[in-house]
Amino acid sequence: MKEDTLVVHEIYRSVQGESTFAGLPCTFVRLTGCNLRCSWCDTPQAFHGGKRMRREEVLAQALALATPLVELTGGEPLLQPGVIPLLAALCDAERTVLIETSGEADVSRVDPRVHKIMDLKAPGSGESHRNRWSNLDHLTRRDEIKFVLAGRGDYEWMRATIRERGLADRGVTLLASCVWGALRARDLVEWVLEDALPVRVQVQMHKVIWGPDAQGV
Ligand code: SF4
């Protein structure tokens, strides 16, 4: 069955970098493949290749790294049907489970115990037209929406989206971060304060620690 195997780019341990879980030790299961091509993507190496593995083997390797936190990422993990039962199995194993997803893929079948960290793509990504707005109806208080911003235009788009779609009233955590080298965090902070926007400003921790060429987590 298609759900019994997954194409895996890598399974490794690091610190979580881009959510309210930032800084915590975390096991990452990075899956191969993405149907978007964000202009600023820092994991293009995950678009192709990888190794096909049995789902049970992926689970065993992820649990063997022994962190309380496990994240599925990519690429876009939800393109592979085996992700849905893998997420449930990780929750059953009493891990705190995160999934980083692009906002294009349907999140409705994700186990409710999982923390969804979902992008809404701003225009600077070149993929804004792919946002699946119906996903907003499947987010709960445990979930987070992430805006990655490449400049003032993206910031204004985020501000309008938060207001027009009532995102602050949904109880979802709103994260705002800068495309490295394109927007200065100090400018973003200034704009957020001027507008009293209810977002949590983030820096890409992996780039602060390992340098600007570090891949996303
Ligand atoms: S959705 Fe994520 S992995 Fe896919 S192109 Fe955009 S940033 Fe890269």
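Notes on the structure follow.

Criteria and cut-off values
Residues numbered from 1 in each chain as written. Predicted model: local features only at pLDDT ≥ 70, side-chain atom pairs only at ≥ 80, totals over all residues. Heavy atoms only, no water. Helix = DSSP H or I, 4+ residues; strand = E, 2+ residues; numbered from the N terminus. Buried < 20%, exposed > 50% of the residue type's maximum accessible area, 1.4 Å probe, protein only. Contact = heavy atoms within 4.5 Å. Near = heavy atom within 4 Å. Nonpolar A, V, L, I, M, F, W, Y, C, P; charged D, E, K, R; others polar. Polar contact = N/O pair within 3.5 Å; in protein donor to acceptor, adjacent residues only side chain to side chain. Phe/Tyr/Trp six-rings, centres within 6.5 Å; stacked < 30°, edge-to-face > 60°.

A word on the environment of Gln202
You can see Gln202 is positioned in strand 9 (residues 200–202). Assessed through its relative accessible area of 10%, Gln202 is described here as buried. For the pair Gln202 and Arg170, spaced 32 residues apart in the sequence, the C-alpha separation amounts to 20 Å. Setting aside residues up to four positions removed in sequence, Gln202 forms contacts with Gly17, Glu18, Ser19, Leu175, Ala176, Ser177 and Cys178.

Some details on the site of the ligand
Surveying the vicinity of the ligand reveals the residues Cys34, Leu36, Arg37, Cys38, Trp40, Cys41, Thr43, Phe47, Gly75, Ser102 and Lys121. Broken down by class, the residue content of the shell around the ligand amounts to six nonpolar, three polar and two charged.

Comments concerning the side chain of Thr32
With respect to the secondary-structure elements, Thr32 resides in the loop between strand 2 (25–31) and strand 3 (51–54). Within the structure, the side chain of Thr32 is placed 3.4 Å from the backbone nitrogen of His9, a separation counted as a polar contact. Filtering out sequence-adjacent residues up to four positions away, Thr32 remains in contact with Val7, Val8, His9, Ala46, Phe47, His48, Gly49, Gly50 and Gln80.

Section: the packing of aromatic side chains
Under the criterion given, the structure shown has four aromatic pairs. Relative to Trp157, the ring of Trp133 has its centre 6.3 Å away and its plane inclined at 45°; by these criteria the two rings are tilted. Here the residue Trp133 occupies a position in the loop between strand 6 (115–119) and strand 7 (144–149), and Trp157 occupies one in helix 3 (residues 152–164), the gap between them amounting to 24 residues. Judged by its relative accessible area of 26%, Trp133 is partly exposed. A centroid spacing of 6.1 Å and a plane angle of 70° characterise the contact between Phe147 and Trp157, whose relative ring orientation is edge-to-face. Here Phe147, found in strand 7, pairs with Trp157, found in helix 3; they are ten residues apart in sequence, far enough to count as distant. Among the residues examined, Trp157 registers a relative accessible area of 19% and is labelled buried. Taken together, the ring pairs in this structure connect Trp133, Phe147 and Trp157 into an aromatic cluster.

None of the figures reported here should be taken as evidence of function without further support.
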